[in-house]
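Survey of secondary and tertiary structure
Below, each chain spelled out in residue letters.
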Amino acid sequence: MKTILVLCTGNSARSQMAHGYLQYFAADRATVYSAGVAPHGVNPLAIQVMAEDHVDISHHTSNHVDEYMNLPIDYVITVCDNAREQCPYFPSTAEMIHHSFTDPSHAPESERLTQFRVVRDQIKQYSEQFINERLAESVGE
């Protein structure tokens, strides 16, 4: 079984959505965690838009990356540029992967929910592709 850690600055939206989708698509082929370099709680709009797509992240917590430093991680995925720049060194053989998504919480209030849905859909597509490409060999392990 593979272990995936998704990093973002606040561990509130993008990394939480990626965590939800990666776990959904990986099923029992991976354990997925998410963390931030400056965590500040799971964004309610992230929970809402994921629920619209039948993925429940309401039980997720916003954690600091330091909590995962001693775990054997196979993949570290940074989903924002700031997290990539501040990402600590992982004392493991983790493969570092970067794919930046726009921060939907920075959209104007009148467009925020729509932007969360747009980013959710981008993250869903990325997550499905990632699991299909990276964990295809894990089937049957």
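To keep things clear, this report deals only with the structure shown in the data block. This is a predicted model, so every value here is computed, not measured. (Residues numbered from 1 in each chain as written. Predicted model: local features only at pLDDT ≥ 70, side-chain atom pairs only at ≥ 80, totals over all residues. Heavy atoms only, no water.)

If you tally the helices and strands in the chain, you get four helices and four strands. Ordered by position in the sequence, the α and β elements of the chain form the string β-α-β-α-β-α-β-α. In the chain, which comprises 141 residues, the share counted as buried stands at 47%. Taking the contacts inside the chain whose residues are at least 6 apart along the sequence as the reference set, 71% of them involve residues at least 24 apart. Taken as a whole, the chain presents about 7100 Å² of accessible surface, with 48% of it coming from carbon and sulfur. (Helix = DSSP H or I, 4+ residues; strand = E, 2+ residues; numbered from the N terminus. Buried < 20%, exposed > 50% of the residue type's maximum accessible area, 1.4 Å probe, protein only. Contact = heavy atoms within 4.5 Å. Areas by Shrake-Rupley, 256 points an atom, 1.4 Å probe, with all protein chains shown as cover.)

Moving on: the pattern of salt bridges. According to the stated counting rule, one finds seven salt bridges in the structure shown. Of the charged contacts, one joins Arg134 and Glu95 as a salt bridge, the two residues approaching to 2.6 Å between their closest N and O atoms. Remark: Glu95 occurs in strand 4 (residues 95-98) and Arg134 occurs in helix 4 (residues 112-134); sequence separation between them is 39 residues. A residue is classified by how much of its surface remains accessible, and Arg134, at 25% relative accessible area, is partly exposed. Two residues, Asp121 and Arg120, come together in a salt bridge whose shortest N-O distance is 2.9 Å. Judged by its relative accessible area of 39%, Asp121 falls in the partly exposed class. Judged by relative accessible area, Arg120 falls into the buried class, the value being 10%. (Salt bridge = Lys/Arg side-chain N within 4 Å of Asp/Glu carboxyl O.)

Backbone hydrogen bonds are what pair the strands of a sheet, in a parallel or an antiparallel way. Strand order in the open sheet formed by four strands is 2-1-3-4, with parallel pairing between adjacent strands. Each having just a single partner strand, strand 2 (30-36) and strand 4 make up the two edges of the open sheet. Strand-to-strand twist of the sheet, defined as the mean angle between neighbouring strand axes without regard to direction, takes the value 20 degrees. Bridge analysis of strand 3 (residues 75-78) against strand 4 gives four bridges, and the strand direction is parallel. If you follow Val76 over to strand 4, its bridge partner there is Met96. Packing of helix 1 (residues 14-26) onto the sheet brings it into contact with strand 1 (2-8), strand 2 and strand 3, and relative to strand 2 it is tilted by some 180 degrees. (Pairing = 2+ DSSP bridges. Axes fitted to C-alpha atoms, helices over the stretch in contact; angles between N-to-C directions.)

The next subject is the packing of aromatic side chains. For the structure on display, the rule yields six aromatic pairs. Ring plane angle 20 degrees and centroid distance 6.1 Å describe the contact between Tyr21 and Phe25, whose orientation is recorded as stacked. Residue Tyr21 and its partner Phe25 are both found in helix 1; the two are separated by four residues, about one turn of the helix. The class of Phe25 is buried, set by a relative accessible area of 16%. (Phe/Tyr/Trp six-rings, centres within 6.5 Å; stacked < 30°, edge-to-face > 60°.)

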